[in-house]
Amino acid sequence: MRAALSDLPLTLDDVSFRAGGSAILDHVSLSIEPGAPTLIVGPNGAGKSSLLRICMGLARPTSGIVTWGGRTESRPLRRAFLFQRPVMLRRSVAANVAYGLRQAGYPYGLRRNRVRELLDRVGLLDHADRAARSLSGGEQQKLALARALARDPELLFLDEPTANLDPAATRSVEEIVLGASNSGIKVVMSSHDLGQVKRLAGEVLLLVRGGVRERAAAPVFFDSPSTPEAAAFVRGDLIL
Amino acid sequence: MTEGLSAWQLIASGDAALLAIVRLSLVVSLSAVTCAALLGLPLGASLALTRFPGRTLLIVLLNGFMGLPPVVVGLAVFLLLSRSGPLGTFGILFTPLAMIIAQALLVLPIIAALARQTIEDLWREYRDELTAMDVGPVGRIATLLWDSRFSLLTALLAGFGRAIAEVGAVMIVGGNINGFTRTMTTAIALETSKGDLPLALGLGYILIVLVLVINAGAWGLRVWSEQRANG
């Protein structure tokens, strides 16, 4: 296995991100520390996806500095990302997880057992030999989670992972995410769903028009929101 | 229709000269496609994944070269391999090896251009996921080649169809020498001009059946394996 330099804390210092002539993120500074899940909320176009992509290292900020564990360059060795629409490799379910293990440098001889453990963890062990692309949307997202966990991540980013899923699939994805969080993985996840934020969040970060409008521990955010936008979100109103 | 009848008799009797011609054609074209695939698939994949000045021009050229006239490729290889040419010392002109080289050059742009298109489309879908998994350049190419294997099989077939059916290049660099470099297509051209229509027709039947069988087999394989991979 590789040397494990920690990516935490993850800090953004005065980060702006522009795309196609418009500002997506506007002078964002924040720090992500180990702990309970951080849920990023905010209206469409607030910059949630861009913020996650920059935190992952998938996108580079137009200006400002991102550091992982104090380093400005860091390959995503112990970071994993779950996209809203997971990409299924055109292989079997088991082979998708094995691919993740291989990319993470997991020893060849131990992979078979580890694949089974991970599939068992997400409830897909019975589907190991099926074609990944024949799975339902919820099963695909669970497989993507198993593949992400195969990287043995320290940080797990999730970009509205349940936006396209039914309640049953949403529940099982949430259970896996909570399990991952309880096992010490720092979860950073964007969501539209007030109920989901209440169920998962250790802290809430409200993003409005590319800026952090409010950030607080979940009980504080829900009991005494300090900005009108946060209050609207907590009431279940639309944030404009 | 007496020519047609005697053509079937020729095939049915397993005429040795005819079988040798069929065997040589298959060996030359399959070797050419194999060589072109070994070069063309990684070339197409690299072209799909990299950005550099002149890339668009290269893609336009590659696409244009899909329609290279076989006689011109034959002529170019002839000039390279002839006694006074830069590669003349190897003495391989008018051998099956020269024919393989000519057909490989003919097929290379077809395989590379189709692979480039296929892999670029798949890369659009895979890019974020592979980047998030920290997959390096070689791993990306290997993953994309493997995951587009069914579409690439079609590209290889297109190349094989082109190689087995062309006459101009193998005629020029092979010389249509009886029992040594005579292929189905050059034999058909020769026998037709000599007036031996049964042999020409018999080879024509075999050529068409071969192409149909190989395509049907590949199509079946593709359907079967896509069901396994995509459900």
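Quick summary incoming for the structure in this document.

About the cut-offs
Residues numbered from 1 in each chain as written. Chains lettered and ligands numbered in written order. Predicted model: local features only at pLDDT ≥ 70, side-chain atom pairs only at ≥ 80, totals over all residues. Heavy atoms only, no water. Helix = DSSP H or I, 4+ residues; strand = E, 2+ residues; numbered from the N terminus. Rg over C-alpha atoms; globule rule 2.2 N^0.38 Å. Buried < 20%, exposed > 50% of the residue type's maximum accessible area, 1.4 Å probe, protein only. Areas by Shrake-Rupley, 256 points an atom, 1.4 Å probe, with all protein chains shown as cover. Lys, Arg positive; Asp, Glu negative; His and termini not counted. Charge placed at Lys NZ, Arg CZ, Asp CG, Glu CD. Salt bridge = Lys/Arg side-chain N within 4 Å of Asp/Glu carboxyl O. Pairing = 2+ DSSP bridges. Axes fitted to C-alpha atoms, helices over the stretch in contact; angles between N-to-C directions. Contact = heavy atoms within 4.5 Å. Buried area = accessible area lost by both parts, 1.4 Å probe. Polar contact = N/O pair within 3.5 Å; in protein donor to acceptor, adjacent residues only side chain to side chain. Nonpolar A, V, L, I, M, F, W, Y, C, P; charged D, E, K, R; others polar. Phe/Tyr/Trp six-rings, centres within 6.5 Å; stacked < 30°, edge-to-face > 60°. Lys NZ or Arg CZ within 6 Å of the ring centre and 35° of its normal. Core = buried A, V, L, I, M, F, W, Y, C linked by side-chain atoms within 4.5 Å.

### With respect to the overall build of chain A
- Broken down by element type, chain A carries 8 helices and 9 strands.
- At 18 Å, chain A has a C-alpha radius of gyration in line with the 18 Å of a compact globule built from 240 residues.
- Taking the principal axes of its C-alpha atoms as reference, chain A extends roughly 55 × 40 × 35 Å.
- A buried classification covers 55% of the 240 residues belonging to chain A.
- Working note: accessible area of chain A is about 10,600 Å², and carbon and sulfur atoms make up 50% of it.
- Between the mean site of the 31 positive side-chain charges and the mean site of the 24 negative ones, chain A shows a separation of 8 Å.

### As for the overall build of chain B
- For chain B, the count of helices and strands is 10 helices and 0 strands.
- Counted from the first residue to the last, chain B has its helices and strands arranged as α-α-α-α-α-α-α-α-α-α.
- Each of the three principal axes of chain B carries a C-alpha extent, and together these read 65 × 50 × 25 Å.
- A burial count over chain B gives 43% of its 231 residues as buried.
- Roughly 11,300 Å² of accessible area belongs to chain B as shown, and the carbon and sulfur atoms make up 72% of that amount.
- Between the centroid of the 14 positive side chains of chain B and the centroid of its 13 negative side chains there is a distance of 5 Å.

### Some details on the pattern of salt bridges
- Going through the model one piece at a time under the given rule, you end up with 20 salt bridges over all chains.
- Here aspartate 147 of chain B ties to arginine 91 of chain A by a salt bridge, and the two come within 2.7 Å at their closest N and O atoms. On the criterion of chain membership, the pair formed by aspartate 147 of chain B in helix α6 (residues 137-147) and arginine 91 of chain A in the loop between β5 (79-82) and α2 (93-103) is interchain, its members lying in two chains. Side by side, aspartate 147 of chain B and arginine 91 of chain A carry an identical accessibility label, which is buried.
- Note that arginine 55 of chain B and glutamate 120 of chain B form a salt bridge whose closest N and O atoms lie 2.9 Å from each other. You can see arginine 55 of chain B sitting in helix α3 (residues 55-65) and its partner glutamate 120 of chain B sitting in helix α5 (residues 96-132), a full 65 residues away along the chain.
- The network of salt bridges with common partners includes Asp7, Arg71 and Arg79 of chain A.

### Side note on the sheet that holds strand β4 (residues 63-68) of chain A
Residues and elements named next belong to chain A.
- With antiparallel pairing, the 3 strands of this open sheet are ordered in space as β2-β1-β4. Of all strands in the sheet, those bounded by a partner on one side alone are β2 (22-32) and β4. When strand polarity is set aside, the average angle formed by the axes of neighbouring strands in this sheet is 20°.
- Note that strand β1 (residues 10-19) and β2 share 7 bridges and pair antiparallel. Looking across to β2, one finds that arginine 18 is bridged to alanine 23.
- Helix α1 (residues 48-56) rests against β1, β2 and β4 of the sheet, and its axis sits at about 125° to β1.

### Some details on the pairing of strand β7 (residues 186-190) of chain A
Residues and elements named next belong to chain A.
- With respect to burial, β7 is a largely interior element, 5 of its 5 residues being buried.
- As paired strands, strand β3 (residues 38-41) and β7 are joined by 3 bridges and run parallel to one another. Along β7, the bridge assignment pairs threonine 38 with valine 188.
- One ladder, built from 5 bridges, connects strand β6 (residues 155-159) with β7; its direction is parallel. Residue pairing in the sheet places leucine 156 in a bridge with valine 187 of β7.

### Re the interface of chain B and chain A
- Each partner contributes to the interface: chain B provides 20 residues, whereas chain A provides 24 residues.
- Taken as a group, Glu129, Met133 and Asp134 of chain B account for 32% of the area that chain B buries against chain A, more than any other trio of residues on that side.
- Where chain B packs against chain A, one counts 6 salt bridges.
- At the boundary of chain B with chain A, the tally comes to 11 residue pairs in polar contact (both at pLDDT 80 or more).
- Of all the secondary-structure elements, those providing two or more residues to the side of chain B that touches chain A are α5, α6 and α10 (197-230) of chain B.
- Among the elements that line the side of chain B that touches chain A, the one with the most residues is α5 of chain B, at 8 residues.
- Considering only residue class, the side of chain B that touches chain A consists of 8 nonpolar, 5 polar and 7 charged.

### Description of the packing of aromatic side chains
- Per the counting criterion, the structure on display carries 5 aromatic pairs over all chains.
- Between the aromatic rings of phenylalanine 81 of chain A and phenylalanine 157 of chain A, the centroid separation amounts to 6.3 Å while the plane-to-plane angle is 35°, which identifies the pairing as tilted. Separated by 76 residues along the polypeptide, phenylalanine 81 of chain A in strand β5 and phenylalanine 157 of chain A in strand β6 bring together distant segments of the chain.
- Members of the aromatic cluster, joined through ring pairs, are Phe81, Phe83 and Phe157 of chain A.
- In this structure, arginine 149 of chain B packs its charged tip against the face of tryptophan 146 of chain B, placed 4.2 Å from the ring centre.

### Let's talk about the nonpolar core
- By size, the foremost hydrophobic cluster in this structure holds 51 residues, and its most contacted members are Leu119, Leu143 and Phe221 of chain A.
- Looking at which element gives the most residues to this core, the answer is helix α4 (residues 137-149) of chain A, with 6 residues.
- Not counting the four nearest positions on each side in its chain, leucine 143 of chain A is found in contact with Met88, Val93, Asn96, Val97, Leu119, Leu124, Ala132 and Leu135 of chain A.
- Grouped together as the second largest cluster of nonpolar side chains are 36 residues, Leu18, Ala36, Val135 and Leu199 of chain B included.

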